[in-house]
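Descriptive analysis of the structure
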Amino acid sequence: MTLSFDPDSLSFPVGHFIGGRLVAADGIIDMHRPSDGHRYAGCPIADGDVVDEAVQSARTALKDSNWGGLRPRERTRVLQRWADLIEEDAGTLARLEAVSSTRPVGHLVDGDIAVSAEQIRFFAEFADKEGSDLVPTDDASLGMIMSEPYGVVGAITPWNFPLSMAAWKLGPALAAGNAVVIKPSEMTPFTTIRLAELAVRAGVPAGLVNVVLGDGPVTGNAITGHPDIAKVSFTGSTRAGAAIMENIARTGVKPMTLELGGKSPQLVFADADLDKAAAAIAGSILSNAGQACVAGSRLIVEEAVAEPLVAAIIRRMKAASAGPTWDAASQYSPIISERQRERIHSIVLAAVRAGGECLTGGAPMDAPGYFYQPTLIAAVDQDSPALIEEIFGPVLTLQTFRDEEEALALADHPAYGLASGLFTRDLSRAVRLTRRLQAGTVWINRYSRSRDHILPTGGYKRSGIGKDLGREAYHANRRTKSVLISL
C-alpha cells in the first residue's frame, strides 16, 4: 500500500450520520490542517434538534432490530465483519485521519487502524461470554443478577487519537447491546463518520450508530443532557469532564465513564537499564508530540544516573523527523492547532522565567504548520506550571531524587493520577512502589499500552471515573437487575 498522498485530492464527508445515511450540513467551524495550517473544510454544529433526531433514530433502531435481544453470537458475528471492513478500508481511513489530525499516515495502518479493529473483535467476543449470574440463596428461592443493555449511550471523543478513541466507545457499547450517539471532536470528525458507514455495511442495523458533529457547549451539552440517553462515556480534558458532570447533574442523573487528563511521572532508579529507559521515555513524549492523556511528561530520576540518562533522551529528541502527516516518512507529529501551540509555548516560557533551564527545544519549529520542538526543562520548581498543568505537547520536565520516599513525593500530583512509569531491575522495589503510586496504570520498564486489550485504562483523582478497555468497559455498558424468585 502506497501511504504518501496529496491532501488536496481528498473529499470529506461533511455532515451528520443519522439513520444510516449522511445528512448534509453547512460547515460553521473552520478546520485547518495541522501540518501546514491550510483551511480545508468546515465542521457543522448539531443543535438540540439534530441531537434529538439522532437519539430518536437510535431508539427506533434498537426497537426495530431488537439488537440488545438478539442471540449474542449474532452481535459477535456482525462486529467481527465490521472489524474486517475496517482493515480492508485502511487506506481510506488513514488518509482521512492523517489530514485532519496529528497522526502521521505511516503510524496509522499498522498502528491506530489495526489496533482499532483488534479492539472491536475483542469486545465482540464478550457478547456471548459475559452475562447474568445465578447467585446462592436458600433452598426455597432462586436468586439472579440479570444483565441488560442501557439502551442509548452517548459518547464524546477527543481529537488526539480520533479513530481509536471512537473504537474504544463504539466497540463495547455495541457488543453490550446498546445503540450509540457519538460526537467526535470538531477538529477531527471524519474517520468516525467513515467507521459508522462501515458498521452499517457490516450489518449493524441502520440508526444504531449515529454521528453528530459539533462543539462541546452546544452539541456536547445536548448529548449529555438528553433525557433519552441512558449513559455517557467521555474521553478528554479534566475541565471538560467536570463540565459534563455538572450538565448531567443539572439535567438529570445518569451513569458516566470519564477518562480525563494526566500529568504522568516516570521514575528511573540507578539500577535501571538506562538505554531501555531512555528509549521508552523519549518515545512517550515524542509519540503524537506528547498529545496523549497518558504522556509521561514528568521525568524523575535518581541523581547518580541523571546525566547519562538525560543525554540519551536528548539525542533521541533531536533525531525526531518532523514532516506533514500525509508523508509516509514523517515520524514526528504537529500540534493540533496554532492556539494549542501558543499555549504550550507560553507554559515553557513561564517555566524558564521561574528559573527552569531549557536543556533542548523550547520554541516552535521553523516549518509550515504547527510543529513544536521536543523540549526538556530542568530545575523546575514544584509550583511551576510546567509541572502542575497538563501541557499536552512534547515537553518533558526533569527532577532528581536521592531515595524512594523522595521519588514518591515528587511523583504524587495534587490533581492527576492517570498513569506512571517505573524503571528498575529490583523486582521487590517494583512491587513495593507500584502499590504506592497513585495512578490507574503503572508501566514497569516500559511506557506504552500494548495490544493486550484485557487491561483496562482509567485514572485516580481527577483523572477520571470508571474504565475504558478491558472487561470493565464491557460491563460499564450494561446495567444489572437483582431478581429473587420464591419457589
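A brief look at the structure comes next. (Residues numbered from 1 in each chain as written. Predicted model: local features only at pLDDT ≥ 70, side-chain atom pairs only at ≥ 80, totals over all residues. Heavy atoms only, no water.)

1. Points about the sheet that holds strand 5 (residues 133–135)
Two pairing modes exist for strands in a sheet, parallel and antiparallel, and in both the strands are linked by backbone hydrogen bonds. The antiparallel open sheet is built from 3 strands, whose spatial order is 5-6-22. Edge positions in the sheet fall to strand 5 and strand 22 (478–486), since each of these pairs with one other strand and no more. Taking each pair of neighbouring strands and ignoring which way they run, the sheet shows an average axis angle of 25°. Note: strand 6 (residues 141–149) against strand 22, 9 bridges, orientation antiparallel. (Pairing = 2+ DSSP bridges. Helix = DSSP H or I, 4+ residues; strand = E, 2+ residues; numbered from the N terminus. Axes fitted to C-alpha atoms, helices over the stretch in contact; angles between N-to-C directions.)

2. Examining the sheet that holds strand 12 (residues 265–268)
Judged by pairing direction, the sheet is mixed, and its 7 strands sit side by side in the order 14-15-16-13-12-18-19 without closing on themselves. In this open sheet, the two edge strands, each paired with only one partner strand, are strand 14 (357–360) and strand 19 (441–444). Taken pair by pair, the neighbouring strands of this sheet meet at an average axis angle of 25°, ignoring direction. Packed on one face of the sheet, helix 9 (residues 274–286) meets strand 12, strand 13 (298–302), strand 16 (395–401) and strand 18 (419–423) and runs near 170° to strand 12. Most of the contacts of helix 14 (residues 427–436) go to strand 18, to which it runs at about 160°, and overall it touches strand 12, strand 18 and strand 19. (Contact = heavy atoms within 4.5 Å.)

3. A few points about the packing of helix 13 (residues 404–411) against helix 14
Where helix 13 contacts helix 14, the axes come no closer than 11 Å and their chain directions differ by 35°. Here helix 13 and helix 14 pass one another in a crossing that is right-handed. For the pair helix 13 and helix 14, the contacting residues are Glu404, Glu405 and Leu408 in the first and Arg429, Arg432, Leu433 and Arg436 in the second. Residues belonging to the contact of helix 13 with helix 14 are distributed by class as follows: 2 nonpolar, no polar and 5 charged. (Left-handed = near helix turned anticlockwise from the far one by under 90°. Nonpolar A, V, L, I, M, F, W, Y, C, P; charged D, E, K, R; others polar.)

4. Section: the pairing of strand 1 (residues 15–18)
In terms of strand pairing, strand 1 meets strand 2 (residues 21–24) through 4 bridges, oriented antiparallel. Residue Gly15 lies in a different strand from strand 2, and its bridge partner there is Ala24.

5. Looking at the pattern of salt bridges
The full count for this structure, using the stated rule, is 30 salt bridges. In this structure, Asp30 engages Arg39 in a salt bridge whose closest nitrogen and oxygen atoms are separated by 2.8 Å. Close ionic contact of Glu389 with Arg343 constitutes a salt bridge, the shortest N to O distance being 3.4 Å. Of this pair, Glu389 sits in the loop between helix 12 (385–388) and strand 16 while Arg343 sits in helix 11 (residues 338–353), and the two are 46 residues apart along the sequence. Residue classification places Arg343 among the partly exposed residues on the basis of a relative accessible area of 29%. Connected through shared salt-bridge partners, Arg73, Glu125, Asp128 and Lys129 make up one network. (Salt bridge = Lys/Arg side-chain N within 4 Å of Asp/Glu carboxyl O. Buried < 20%, exposed > 50% of the residue type's maximum accessible area, 1.4 Å probe, protein only.)

6. Focus: the packing of aromatic side chains
Evaluation of the coordinates by the stated rule reveals 10 aromatic pairs. Both rings, one in Phe122 and one in Phe123, keep their centres 5.1 Å apart while their planes meet at 80°; by these two values the pair is edge-to-face. Ring plane angle 20° and centroid distance 5.4 Å describe the contact between Phe126 and Tyr474, whose orientation is recorded as stacked. Of the two residues, Phe126 is situated in the loop between helix 4 (105–124) and strand 5 and Tyr474 in helix 15 (residues 470–475); the sequence distance between them amounts to 348 residues. Take Phe126: its relative accessible area is 8%, and that puts it in the buried class. Among the residues examined, Tyr474 registers a relative accessible area of 1% and is labelled buried. (Phe/Tyr/Trp six-rings, centres within 6.5 Å; stacked < 30°, edge-to-face > 60°.)

7. Observations concerning the environment of Arg425
Checked against the element boundaries, Arg425 lands in the loop between strand 18 and helix 14. For Arg425, the residues in contact, after removing those within four places along its chain, are Asp271, Ala272 and Asp273. Engagement of the side chain of Arg425 in a polar contact is seen with the backbone oxygen of Asp271, the distance being 2.7 Å. A polar contact of 3.4 Å, which involves the side chain of Arg425, links it to the backbone oxygen of Ala272. (Polar contact = N/O pair within 3.5 Å; in protein donor to acceptor, adjacent residues only side chain to side chain.)

8. Topic: the environment of Ser420
Checked against the element boundaries, Ser420 lands in strand 18. Sequence-wise, Ser420 and Ile388 are 32 residues apart; in three dimensions their C-alpha atoms are separated by 15 Å. Once residues within four sequence positions are removed from consideration, Ser420 is found in contact with Ser264, Pro265, Leu437, Ala439, Thr441, Val442, Trp443 and Tyr447.

9. Observations concerning the environment of Thr457
Mapping Thr457 onto the fold places it in the loop between strand 19 and strand 20 (460–461). A residue is classified by how much of its surface remains accessible, and Thr457, at 4% relative accessible area, is buried. In this view, Thr457 contacts Trp168, Glu259, Thr441, Arg449, Gly466, Lys467, Asp468 and Leu469; residues no more than four positions away in its chain are not counted. In terms of polar contacts, Thr457 uses its side chain to reach the side chain of Arg449, at 3.1 Å.

10. A closer look at a nonpolar patch on the surface
A grouping of Leu134, Leu142, Ile485 and Leu487 is seen on the molecular surface, where their side chains present a nonpolar patch of about 390 Å² in accessible area. On the secondary structure map, Leu142 appears in strand 6. (Patch = residues over 30% accessible without salt bridge, like charges linked within 9 Å, V, L, I, M, F, W, Y side chains within 5 Å. Areas by Shrake-Rupley, 256 points an atom, 1.4 Å probe, with all protein chains shown as cover.)

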